[in-house]
Amino acid sequence: MSNRLLPPSVSVLARQVSEAWTAAERRLPEAVARAAHRADPGLAPTLAQLLVVPKGRRVSELERLRTPLVKSTCTVMVRAMERGEEISAFALGQVSLSRVPVNRLLTLAWYGQLSKARRSSGRRSCGVPRC
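Residues numbered from 1 in each chain as written. Predicted model: local features only at pLDDT ≥ 70, side-chain atom pairs only at ≥ 80, totals over all residues. Heavy atoms only, no water.

## So, the nonpolar core
Formally: Definition of nonpolar core: a set of buried residues of the types Ala, Val, Leu, Ile, Met, Phe, Trp, Tyr and Cys, connected through side-chain atoms within 4.5 Å. With a 1.4 Å probe rolled over the protein chains alone, any residue whose accessible area is under 20% of its type maximum counts as buried; one over 50% counts as exposed, and the rest are partly exposed. Each helix is a run of DSSP H or I of at least 4 residues and each strand a run of E of at least 2, with the numbering of both proceeding from the N terminus. A contact between two residues is defined here by any heavy atoms of the two lying within 4.5 Å.
Judged by nonpolar contacts, A35, A36, L43, L47, L50, L65, F90 and V95 together constitute the single largest core of eight residues. Contributing elements (two or more residues each) for this core: α1 (10-39) and α2 (43-49). When near neighbours in sequence (up to four residues on either side) are disregarded, V95 contacts A35, A36, A39 and L43.

This is how it looks when you write it as structure tokens:
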């Protein structure tokens, strides 16, 4: 009998991969929050404020900015350009996410496109950090 080490079983490898994915999922919002804070310490509270639904409105400011306009009249096009200016004002291009893997950013973007901007029981969606 030889003293060679046996490779781990498939179930052990699957568990280790699952644990690694879970750990990475937990680190992603914090990594994005740190990058946003480095770019601009006031950015996180500003983004968190987008989740608030103003009085008299049915959706949050984030949802308003996220939802595309459906008509193509001149007035709607002007509103779309104004909305683009509002989004550009956040200067999100300054946030360096080079330490976050590309596939994680794509997943986060995909999730953000499909979800509504909501807060539920202390947990914030869209990777917006706590203020």
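Here the narrative resumes, following the displayed structure.
## Let's talk about the pattern of salt bridges
What counts here: Salt bridges, as used here, are contacts in which a Lys or Arg side-chain nitrogen is within 4 Å of a carboxyl oxygen on Asp or Glu.
Enumeration over the complete set of coordinates arrives at four salt bridges. With a closest N to O distance of 3.7 Å, R15 and E19 form a salt bridge. Taken as a pair, R15 and E19 lie in helix α1 at a separation of four residues, close to a single helical turn. Note that R64 and E86 form a salt bridge whose closest N and O atoms lie 2.6 Å from each other. Taken together, the residues span a long stretch of sequence, with R64 in helix α3 (residues 61-66) and E86 in helix α4 (residues 74-88) at a distance of 22 residues. Take R64: its relative accessible area is 29%, and that puts it in the partly exposed class. Salt bridges here are not isolated pairs; linked through shared partners, they connect R57, E61, R64 and E86.

These figures come from the coordinates and say nothing about function on their own.
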